[in-house]
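Listed here are the chains, written in short residue letters.
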Amino acid sequence: MKVIIIGAGPGGLTAALHLHRLGVEVSVHESVRPIKPLGVGINLLPHAVRELTILGLDPALAAASIATGELAYYNKTGSLIWREPRGRAAGYHWPQYSIHRGRLQMLLYDTAVERLGRGQVHPGHHLAGFEQDAAGVTARFTDRTTGEPVGEERGDVLIGADGIHSVVRRAFYPSEATPPFGGRILWRGITEGPPFLSGKTMIMAGHPDVKFVAYPICPDMAASGRALINWIAELQVGGGKAPIPRDWNRLADRAHFAPAFAGMKFDWLDAPALIAGAPEVYEFPLIDRDPVPRWTFDRVTLLGDAAHPMFPIGSNGASQAILDAAALADALAGNPDPLAALRTYEERRLAPTSQLVLNNRRHGPEIVMQLAEERAPQGFKNVSEVFAPGELADIAQKYKVAAGFDRDRLNALGQGPEPA
Ligand SMILES: Cc1cc2nc3c(=O)[nH]c(=O)nc-3n(C[C@H](O)[C@H](O)[C@H](O)COP(=O)(O)OP(=O)(O)OC[C@H]3O[C@@H](n4cnc5c(N)ncnc54)[C@H](O)[C@@H]3O)c2cc1C
């Protein structure tokens, strides 16, 4: 069995490492050359960390991340709505990590080059097209900067892990419409500052129309008594059509959103100072895609953002891509018939991730911020005035079940089988 992976993001690289571990021949093809540590912070939930731990990556991850200790939601005036421990502090066997996306990608990329061999990892290979027949699939690559052909590869299976603008997905859904713009834009940045709260807390303040998220991502900075704080400012801007393209690297002017967050200067966090202090700010429109009925078309399937781009809510973008990767590798290693294996993978992953896409449109676990705003727009003294007993815990737990990281069920899985 030979597997061709398109895309060296967290999803594609994790799939490559899991397949290699299970003894399956695999190559990775990535448009970009050289690979650069792009993006800002992301979170890896314990179920995704479990999969990376099986790959032996936990020591390197721990050295590159902050082990998130708690998650706390506040209303727009800084009153606490809900706080819960996360990762090991919550009794999981695996941590939750806050990490720079680029650092995670480089860690996975370097590991893939080391384990698969440099000859199996191909930066500068942009998938231009592919054809499949009864015996295999052929992928054709170009240099994205010149458009010149740079080669082709034949394999048994092709995995489209090529992100939100997936070429592989477009081949099967050529006229897929982009869902209507939800009217919200995310501005993202990283700022050095004093540590806040526990020094490993992820906070969200406001409500979905005016929301500020912050968490530290750099262990080296934490060791020196400072914090490198990843932040996201999200604002309802309205309009039926996204005013900006879906480009993760698009630089933004903070004058467009900073005034809306001027009031979020709390005694435990100064959001305006974080916004002002970031060397660069990036913007991204909040658009996902409708779930599709199929990812697998004979020898070709989709994974990660190519399969189920979702609103970045509940820390699930990278985590779900990593779960896809492990499920795909298990299916392919466990079945000599690649077509049947890809169907098994789809059966396991399509329904839960589709549900999550829809759940995140309804704000996922962040619905508590929306409810606090609706029920107490002037604020509250005590959260018990706003929520019924057990309501907040119930919302948090239901989302964990939906996203596959209910603690007891996850812990019961243990570390997973060792390769034969
Ligand atoms: C540059 C970049 C920055 C990001 N920054 C953030 C961030 O700050 N916060 C956040 O929450 N999420 C960010 N994301 C998205 C996040 O990485 C994903 O939501 C999540 O990790 C799932 O990963 P993935 O591997 O499925 O997709 P991605 O991370 O999008 O990876 C897809 C990969 O496929 C490559 N690719 C695309 N088309 C082709 C092609 N035709 N041929 C070959 N390769 C191709 C891309 O260059 C990319 O490396 C970013 C994505 C990218 C690409």
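If you're wondering where the values come from, they're calculated on a predicted model, not measured in any experiment. (Residues numbered from 1 in each chain as written. Predicted model: local features only at pLDDT ≥ 70, side-chain atom pairs only at ≥ 80, totals over all residues. Heavy atoms only, no water.)

Details of the site of the ligand
What counts is decided by this rule: Put simply, a residue is near a molecule or strand once any heavy atom of it comes within 4 Å of that molecule or strand. Polar contact is the term for a pair of N or O atoms within 3.5 Å; when the atoms are in protein, one must be able to donate a hydrogen and the other to accept it, and sequence-neighboring residues count only if both atoms are side-chain atoms. Methods summary: accessible areas were calculated by the Shrake-Rupley approach with a probe of 1.4 Å, and residue burial reflects only the protein chains presented. A run of H or I in DSSP becomes a helix once it reaches four residues, and a run of E becomes a strand once it reaches two; helices and strands are each numbered from the N terminus. Here the nonpolar group is Ala, Val, Leu, Ile, Met, Phe, Trp, Tyr, Cys and Pro; Asp, Glu, Lys and Arg are the charged ones; every other residue, Gly included, is treated as polar. Here the bounds of each domain stem from an automatic or database domain assignment.
Around the ligand sit 32 residues in total, of which Gly11, Glu30, Arg101, Arg188 and Asp305 are the nearest. One of the backbone N or O atoms of Ser31 is found 3.1 Å from a nitrogen atom in the ligand. Between the ligand and Asp305 there is a distance of 2.6 Å, counted from an oxygen atom to a side-chain nitrogen or oxygen. For the ligand, the protein covers 89% of the area, taking 920 Å² as the surface of the free molecule. Those elements that place two or more of their residues in the shell around the ligand are helix 1 (10-21), strand 2 (25-30), strand 3 (41-44), helix 4 (101-116), strand 9 (126-132) and helix 8 (317-333). The element best represented in the shell around the ligand is helix 8, accounting for three residues. A class-by-class count of the residues in the shell around the ligand yields 13 nonpolar, 14 polar and five charged. Each of domain 1 (2-68 + 99-178 + 289-362) and domain 2 (184-285) contributes no fewer than three residues to the shell around the ligand.

Considering the domain arrangement of the protein chain
Where we set the bar: Two residues qualify as a contact provided that any one of their heavy atoms is within 4.5 Å of a heavy atom in the partner residue. Two parts placed together each lose some accessible area; with a 1.4 Å probe, that loss summed over both constitutes the buried area. Throughout this description, the term salt bridge denotes a Lys or Arg side-chain nitrogen within 4 Å of a carboxyl oxygen of Asp or Glu.
For the protein chain, the assigned domains read domain 1 (2-68 + 99-178 + 289-362) and domain 2 (184-285). Relative to domain 2, the C-alpha centre of domain 1 lies at a distance of 28 Å. Taken residue by residue, the interface counts 23 residues in domain 1 and 22 residues in domain 2. The junction of domain 1 with domain 2 conceals about 1700 Å² of combined surface from both sides, 59% of it contributed by carbon and sulfur atoms. Among the residues of domain 1 in contact with domain 2, Val40, Ile66 and Ile164 are the three that bury the most area, contributing 32% of the side total. In this structure, Arg103 and Asp220 form a salt bridge, with 3.5 Å as the shortest nitrogen-oxygen distance. Between the two partners, domain 1 and domain 2, sit five residue pairs in polar contact (both at pLDDT 80 or more). Of all elements in the fold, only strand 3, helix 3 (58-64), strand 4 (66-67) and strand 7 (97-100) reach the threshold of two or more residues within the side of domain 1 that touches domain 2. The element contributing the most residues to the side of domain 1 that touches domain 2 is strand 3, with three residues. Considered class by class, the residues forming the side of domain 1 that touches domain 2 number twelve nonpolar, nine polar and two charged.

Focus: the sheet that holds strand 7
In plain terms, the rule: A pair of strands counts as paired when DSSP detects no fewer than two bridges linking them.
Pairing is antiparallel in the open sheet, where three strands are placed in the order 3-7-4. Strands at the two margins of the open sheet, each flanked by one partner only, are strand 3 and strand 4. Bridge count for strand 4 against strand 7 is two bridges, and the pairing is antiparallel. Note that in strand 7 the partner of Ile66 across the bridge is Ser98.

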